[in-house]
Amino acid sequence: MADTAELQARKTIHVDGEWREAASGATREILDPADARPFVLVAEGDEKDTDLAIEAARRAFDQGDWPHTPVAERAALLRRVADLLVRDREELGLLESRDAGKTVEEGRVDIDCVADAFRYFADLVAGEAPGRVVDAGSPEIHSVVVHEPIGVCALITPWNYPLLQASWKIAPALAAGNTFVVKPSEITPMTTVALIDLLAEAGLPAGVANIVTGPGHTVGARLAEHPDVDLVSFTGGLVSGTKVAQAAAPSVKKVALELGGKNPNVVFADACATDEAFDTAVDQALNAAFIHSGQVCSAGGRLIVEESVRDRFVAELARRAGRIRLGRGTEDGVECGPLVSEQQRAKVEAYVDSALKEGAVLRSGGKRPEPSPQRPEGGYFYEPTVLDRCHREMKVVREEVFGPVLTVETFRTEDEAVALANDTEYGLAGAVWTADAGRARRVAGRLRHGTIWINDFHPYLPQAEWGGFGKSGVGRELGPAGLAEYRETKHIYQNLAPKPVRWFAG
């Protein structure tokens, strides 16, 4: 690992087809979460860089060819991007691991999902009708509803799934014919930087795709407030998302927000009736809570389990959580990597401390692991943690922890289970585990969350909308609605036989 002095600063700001340094000359170290050492220096942009990027995107939209490029050509470009992602899968998967701390295998899966998103939106726009004909009740009237690109899009993405979350915005934005400026998280920007190069290699015209690396309080804030931006799409925390919405309000631009969740995983006793079913439910509860060290907006961090199976379930869950292999994501055999930063680990530790003070019972984890060859001493590691005897008044149950922490609550009746699962200001995702098909449908129908899994947790489909209720945000990503976020709808009404109205006598 190189020292800071040995690192060559990368030009990571891309404006109008050209890579450049920050206007101020500022740089930022990007740290490997596994050992807290810098592995690359990037440009640290500010408001000036952001304004230049917005100007380029505005020019490309107002004067360039991309918004008017035939749909078939736009779709073909997206498919070329998908092919390039597959070509560079190993390199990008490793880079995602270095950037975000996840295992290389998780990084590879992420790249596969990014390619799937580009292909899905290519197929979606290519298969659409050119407009929806509206029956006006007269053969002399031709009425059609068409969709047009919204304009310049500001895309602000999070640190936990850097390239995946960027693709959920970039692919539909391009499919619809928009131009954009993307601001990746300042601590995990590298795969998004790499994607901009792939877009250019695929033939995207200069100025259509722009990136500014830098912090949220300068770059993100300027993107949200700038009057030449037509849409801002933000994925991140509730506090930051609220600020984005407030900054965007004066210019009345369209806003899409995905703000996380506090996601219940409801397990009924009948889902554990056999040893095989029990094993599956426990395994899925581990996956729900601890994949990517719990740094997932849809993480099933709230286990809500029927009281009659609670003791057995929690005991086995805690035993398996204690056996999860922590380490650097690039090491063989590692199942879970570090948290993304020291700040994030300190936040997780504070939540666990508060839970124990409020009466939670620690069943496993709850501390930093001992250093080892796979876990360098400087890395931001934290043990997968199971907190039993939790209740709704606890801060750890109410707020999004975004770390490897699983809280356990219990219920006796179906109504109580639903009430607990819905007792949150968020509403992103949730799951119900039961062998009763009728109960599964009833509970899924009553849960106020944007995605409900039955006897599963975490899978998503690019053709199905993703987003939440309540404070989990507004708008949807993926699916047809995800494309609609990046479009304006226009009604064109043509009178084929115009004649005087004679409303006025004149």
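Only a predicted model underlies this, so the values are computations on that prediction, with no experimental measurement involved.

Thresholds applied
- Residues numbered from 1 in each chain as written.
- Predicted model: local features only at pLDDT ≥ 70, side-chain atom pairs only at ≥ 80, totals over all residues.
- Heavy atoms only, no water.
- Helix = DSSP H or I, 4+ residues; strand = E, 2+ residues; numbered from the N terminus.
- Rg over C-alpha atoms; globule rule 2.2 N^0.38 Å.
- Buried < 20%, exposed > 50% of the residue type's maximum accessible area, 1.4 Å probe, protein only.
- Contact = heavy atoms within 4.5 Å.
- Pairing = 2+ DSSP bridges.
- Axes fitted to C-alpha atoms, helices over the stretch in contact; angles between N-to-C directions.
- Salt bridge = Lys/Arg side-chain N within 4 Å of Asp/Glu carboxyl O.
- Parallel < 35°, antiparallel > 145°, perpendicular 65-115°, else oblique.
- Left-handed = near helix turned anticlockwise from the far one by under 90°.
- Domains from an automatic or database assignment.
- Buried area = accessible area lost by both parts, 1.4 Å probe.
- Polar contact = N/O pair within 3.5 Å; in protein donor to acceptor, adjacent residues only side chain to side chain.
- Nonpolar A, V, L, I, M, F, W, Y, C, P; charged D, E, K, R; others polar.
- 1 Å grid on protein atoms, 1.4 Å probe; cavity = no way out; pocket = protein on both sides within 12 Å on 5 of 7 lines; lining within 4 Å.
- Points joined across faces, edges and corners; volume = space filled by probe spheres on them.
- Phe/Tyr/Trp six-rings, centres within 6.5 Å; stacked < 30°, edge-to-face > 60°.
- Lys NZ or Arg CZ within 6 Å of the ring centre and 35° of its normal.

S.K.: Which parts of the structure should I look at to understand the overall build of the protein?
M.R.: When helices and strands are counted, the protein shows 15 helices and 20 strands. Since a compact globule built from 506 residues should have a radius of gyration of about 23 Å, the 24 Å found for the protein is in line with a globular shape. Out of the 506 residues belonging to the protein, those deemed buried represent 56%. Looking at the protein alone, contacts between residues at least 24 apart form 74% of all its contacts between residues at least 6 apart.

S.K.: What am I meant to see in the sheet that holds strand E12 (residues 264–267) here?
M.R.: Paired through backbone hydrogen bonds, the strands of a sheet run either parallel or antiparallel to each other. Taken in spatial order, the 7 strands of this open sheet run E14-E15-E16-E13-E12-E17-E18, and their pairing is mixed. The strands lining the two open edges of the sheet, one partner per strand, are strand E14 (361–364) and strand E18 (451–454). Strand-to-strand twist of the sheet, defined as the mean angle between neighbouring strand axes without regard to direction, takes the value 25°. With 3 bridges connecting them, strand E15 (residues 385–388) and strand E16 (residues 405–411) associate as parallel partners. When the bridges of E16 are listed, Leu 387 appears paired with Thr 407. Packing against the sheet, helix H10 (residues 310–321) makes contact with E12, strand E13 (302–306), E14, E15 and E16, and its axis sits at approximately 160° to E15.

S.K.: Looking at this structure, how should I read the pattern of salt bridges?
M.R.: A complete count under the given rule lists 45 salt bridges for this structure. Between Arg 487 and Glu 128 there is a salt bridge, with the nearest N and O atoms lying 2.7 Å from each other. With Arg 487 in strand E20 (residues 487–495) and Glu 128 in the loop between helix H4 (104–126) and strand E5 (132–134), the pair connects residues that are 359 residues apart, well separated along the chain. In this structure, Arg 368 engages Glu 349 in a salt bridge whose closest nitrogen and oxygen atoms are separated by 2.7 Å. Taken as a pair, Arg 368 in the loop between E14 and E15 and Glu 349 in helix H11 (residues 342–357) lie far apart in primary sequence, 19 residues in all.

S.K.: What's the story with the sheet that holds E20 in this structure? I'm lost.
M.R.: A sheet is described by the order of its strands in space; here 3 strands give the open sequence E5-E6-E20, paired in antiparallel fashion. Both edges of this open sheet fall to E5 and E20, since each of them pairs with a single strand only. Shown here is a sheet whose adjacent strand axes are inclined to one another by a mean of 25°, direction ignored. Sheet topology places strand E6 (residues 141–149) next to E20; 9 bridges connect them, and they run antiparallel.

S.K.: Can you help me understand the packing of helix H2 (residues 71–87) against helix H6 (residues 190–202) in this one?
M.R.: Geometrically, a packed helix pair is captured by the angle between its two axes and the distance between the axes. Where H2 contacts H6, the axes come no closer than 9 Å and their chain directions differ by 125°. For the element pair H2 / H6, the angle class is oblique. Seen along the crossing, H2 lies across H6 with a hand that is right-handed. Counting all contacts with H2, which are made through Leu 77, Arg 80, Val 81, Leu 84, Leu 85 and Arg 87, the residues of H6 involved are Leu 195, Leu 198, Leu 199, Glu 201 and Ala 202.

S.K.: Sorry, what's going on with the domain arrangement of the protein here?
M.R.: By a widespread convention, an interface's size corresponds to the accessible area lost as its parts come together. The assigned domain composition of the protein is domain 1 (48–259 + 472–491) and domain 2 (264–454). A separation of 32 Å is found between the C-alpha centroids of domain 1 and domain 2. Interface area, domain 1 with domain 2, both sides summed: about 1,500 Å², of which 61% is carbon and sulfur. When the buried area of domain 1 at its contact with domain 2 is split by residue, Thr 103, Trp 159 and Ser 472 rank highest and sum to 32% of it. The interface formed by domain 1 and domain 2 includes 0 salt bridges. Counting across the interface, domain 1 meets domain 2 through 6 residue pairs in polar contact (both at pLDDT 80 or more). Of all elements in the fold, only helix H3 (89–100) and H4 reach the threshold of two or more residues within the side of domain 1 that touches domain 2. Here the side of domain 1 that touches domain 2 takes 4 residues from H3, the largest share from any one element. Tallied by class, residues from the side of domain 1 that touches domain 2 come to 8 nonpolar, 6 polar and 4 charged.

S.K.: So what exactly am I meant to see when it comes to the layout of surface pockets here?
M.R.: Using a probe with the size of a water molecule, rolled over the atoms, empty space left in the structure can be pinpointed. Its boundaries defined by the atoms lining it, the largest pocket holds a volume of some 1,400 Å³. If you trace the largest pocket, you find 47 residues lining it, with Trp 159, Phe 234, Gly 236, Gly 237 and Ser 240 closest to the centre. Elements with a contribution of two residues or more to the lining of the largest pocket: strand E3 (27–32), helix H7 (216–225), strand E10 (231–235), helix H8 (238–248) and H11. In terms of residues, the lining of the largest pocket owes the most to one element, H8, which gives 6 residues.

S.K.: So what exactly am I meant to see when it comes to the packing of aromatic side chains here?
M.R.: The relative placement of two aromatic rings is captured by the distance of their centres and the angle of their planes. Under the defined criterion, the tally for this structure stands at 8 aromatic pairs. Taken together, the aromatic side chains of Trp 168, Trp 453, Phe 457, Tyr 460 and Trp 466 make up a single cluster linked through ring pairs. In this arrangement the basic side chain of Arg 98 is found over the ring face of Phe 39, its NZ or CZ atom lying 4.4 Å from the centre. The lysine or arginine in question, Arg 312, covers the ring of Phe 278, its NZ or CZ lying 3.6 Å from the ring centre.

S.K.: Any chance you could explain empty space enclosed by the protein here in plain terms?
M.R.: Under the criterion given, the structure shown has 3 cavities of 30 Å³ or more. Size it by volume and the largest cavity reaches roughly 140 Å³. Around the largest cavity sit 16 residues that line it, and Lys 262, Ala 299, Gly 301, Val 401 and Phe 402 are the ones nearest its centre. The wall of the second largest cavity is formed by 16 residues, among which Leu 257, Glu 258, Val 474, Gly 475 and Glu 477 lie closest to the centre. For the lining of the second largest cavity, the elements supplying multiple residues, two or more each, are E10, strand E11 (254–258) and strand E19 (473–474). Split by residue class, the lining of the second largest cavity holds 5 nonpolar, 7 polar and 4 charged.

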